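Residue strings, one per chain:
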Amino acid sequence: MRQGLTIGEFATLTHLSVRTLRRYHETGLLEPATVDPFTGYRYYAAEQIPSAQVIHRLRELDVPLAEVKSILAADDPQRRADVIAGHLRRLEDELDRTRAAVVSLRRLLRPDPDDLRVELRSVPARTVVAVRGHVMLEDSTSWYDAAMAELDAAFAPAERTGPPGGRYANELFTDGAGMMTVYRPVRGPRATGRIEVVELPPADLAVAVHSGGHGDIDVTYGRLGSWVVEHALAVDGPVDETYVIGPRDTPIPADWRTEIGWPVFRLTPES
């Protein structure tokens, strides 16, 4: 009497190779309906085809085997949906990183010397509200988001007098950890929670504008640094970023505009 579909037939129907089906059996991900005790032949039931197809689709999305197993084992449809959604978010994040890397490489491989405009700018001393901290480079994005959210919650748009900015110590990039200062200029600076009233000293900066998302901002940093080496005298000091248009203004990265200020020593007075 026929016990079900042979492993070869099941492989043909599900587009999962015989080798893969054997591995799934060994790991307990997809066990045959029956195994002949004398021959060891594996037989599958037709009712197992949908599960095999789900596994095939999930593996095409690079869902780890352990997560695939938890998805199939979950009785709660919402639990299954949550696990899949979490993996899809990771894939989307990875896709964003890949796109940013592609843009960076294209800019590096086909540089256009005319698309970098550098302005020498003297910035006066300013009183701002800020959040400061010693931060690991890998935590800098999440730390920035939390600090800026705190500033935004404490000071309504009507109180703000200009775009937000950040100052980043050289050690943040050279050593992987350093001081970060995220600030906003406001009409009535006041301290609350982690927020301090900070006096930013005057500075002479070589300023370039980075257009677009921040995934390839390092390319603009590199080109600005090269310009400074050739045309100015660099001095020790934190790099200054001003988020003229940023994530809090528009969710479209292509519309973002970030001014990068590299500290320099002005050899000639302003005309």
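Keep in mind that this is a model prediction, so the values were computed, not measured. (Residues numbered from 1 in each chain as written. Predicted model: local features only at pLDDT ≥ 70, side-chain atom pairs only at ≥ 80, totals over all residues. Heavy atoms only, no water.)

Enquirer: Looking at this structure, how should I read the side chain of aspartate 36?
Expert: For aspartate 36, the location among the structural elements is in the loop between β2 (34–35) and β3 (42–44). Here aspartate 36 falls in the buried class, since its relative accessible area comes to 14%. At 2.8 Å, the side chain of aspartate 36 forms a polar contact with the backbone nitrogen of phenylalanine 38. There is a polar contact of 3.0 Å between the side chain of aspartate 36 and the backbone nitrogen of threonine 39. (Helix = DSSP H or I, 4+ residues; strand = E, 2+ residues; numbered from the N terminus. Buried < 20%, exposed > 50% of the residue type's maximum accessible area, 1.4 Å probe, protein only. Polar contact = N/O pair within 3.5 Å; in protein donor to acceptor, adjacent residues only side chain to side chain.)

Enquirer: When you look at a nonpolar patch on the surface in this model, what are you seeing that I'm missing?
Expert: Where nonpolar side chains cluster on the molecular surface, the patch consists of Leu233, Val235 and Phe265 and spans about 260 Å² of accessible area. Considering the arrangement of structural elements, one finds phenylalanine 265 in strand β12 (residues 257–265). (Patch = residues over 30% accessible without salt bridge, like charges linked within 9 Å, V, L, I, M, F, W, Y side chains within 5 Å. Areas by Shrake-Rupley, 256 points an atom, 1.4 Å probe, with all protein chains shown as cover. Salt bridge = Lys/Arg side-chain N within 4 Å of Asp/Glu carboxyl O.)

Enquirer: Any chance you could explain the sheet that holds β3 here in plain terms?
Expert: Strand pairs in the sheet, formed through backbone hydrogen bonds, run parallel or antiparallel to each other. Ordered in space as β1-β3-β2, the 3 strands form an open sheet in which the pairing is antiparallel. One side of each edge strand has no neighbouring strand; the edge strands of this open sheet are β1 (5–6) and β2. Across 2 bridges, β1 lies against β3 in antiparallel orientation. Looking at β3, one finds that leucine 5 is bridged to tyrosine 44. (Pairing = 2+ DSSP bridges.)

Enquirer: Please clarify how the packing of aromatic side chains should be interpreted in this entry.
Expert: The geometry of an aromatic ring pair is captured by the separation of the ring centres together with the interplanar angle, meaning the angle of the planes. Inspection of the entire model under this criterion finds 3 aromatic pairs. Look at phenylalanine 10 and tyrosine 44: their rings are 4.3 Å apart centre to centre, the planes differ by 5 degrees, and that puts the pair in the stacked class. Remark: tyrosine 44 occurs in strand β3 and phenylalanine 10 occurs in helix α1 (residues 7–14); sequence separation between them is 34 residues. Summarising the aromatic geometry, the rings of phenylalanine 173 and tyrosine 221 are spaced 6.1 Å apart at their centres and angled 50 degrees between planes, so their arrangement reads as tilted. Highlighted residues: phenylalanine 173 in helix α7 (residues 170–174) and tyrosine 221 in helix α8 (residues 217–231), separated in sequence by 48 residues. Residue classification places phenylalanine 173 among the partly exposed residues on the basis of a relative accessible area of 43%. Among the residues examined, tyrosine 221 registers a relative accessible area of 13% and is labelled buried. (Phe/Tyr/Trp six-rings, centres within 6.5 Å; stacked < 30°, edge-to-face > 60°.)

Enquirer: I'm lost on helix α2 (residues 18–27) in this one. Help?
Expert: One turn of the α-helix equals 3.6 residues, which is why residues spaced by three or four share an orientation. The complete set of buried residues in α2 reads Thr20, Leu21 and Tyr24. One face of α2 carries all of its buried residues, which in axial projection span an arc of 100 degrees. Of the exposed residues in α2, those oriented more than 90 degrees away from the buried face are Arg19 and Glu26. Looking at the buried side of α2, the elements it contacts are α1, β3, α3 (49–60) and α4 (65–73). Residue glycine 28 follows α2 closely and has a positive phi angle near 80 degrees. (Arc of directions from axis to C-beta. Contact = heavy atoms within 4.5 Å.)

Enquirer: How should the pattern of salt bridges be read in this particular structure?
Expert: For side chains of opposite charge, pairing can occur when their charged atoms come near one another. Using the criterion set out here, one finds 9 salt bridges in the structure. We note a salt bridge from arginine 184 to aspartate 152, for which the minimum N-O separation is 2.8 Å. Linking arginine 184 in strand β7 (residues 177–184) with aspartate 152 in helix α6 (residues 140–154), this pair joins segments that are 32 residues apart in sequence. Pair check on accessibility: arginine 184 and aspartate 152 agree, each one buried. When the shortest N-O distance is used, the salt bridge between glutamate 159 and arginine 190 registers 3.0 Å. Linking glutamate 159 in the loop between α6 and β6 (165–168) with arginine 190 in the loop between β7 and β8 (196–200), this pair joins segments that are 31 residues apart in sequence. Accessibility expressed as a relative area gives 24% for glutamate 159, which makes it partly exposed.

Enquirer: Help me out: how do you make sense of the nonpolar core in this one?
Expert: Within soluble globular proteins, side chains that are nonpolar tend to cluster in buried spots. With 17 residues, the main nonpolar core has Phe10, Leu21, Tyr24, Leu30, Ile55 and Val68 as its most contacted residues. With 4 residues, α3 is the single largest residue contributor to this core. Setting aside residues no more than four positions away along its own chain, isoleucine 55 makes contact with Tyr24, Leu29, Leu30, Val68 and Leu72. If you look at the next biggest cluster of nonpolar residues, it comprises 16 residues, including Val129, Val135, Leu172 and Met180. (Core = buried A, V, L, I, M, F, W, Y, C linked by side-chain atoms within 4.5 Å.)

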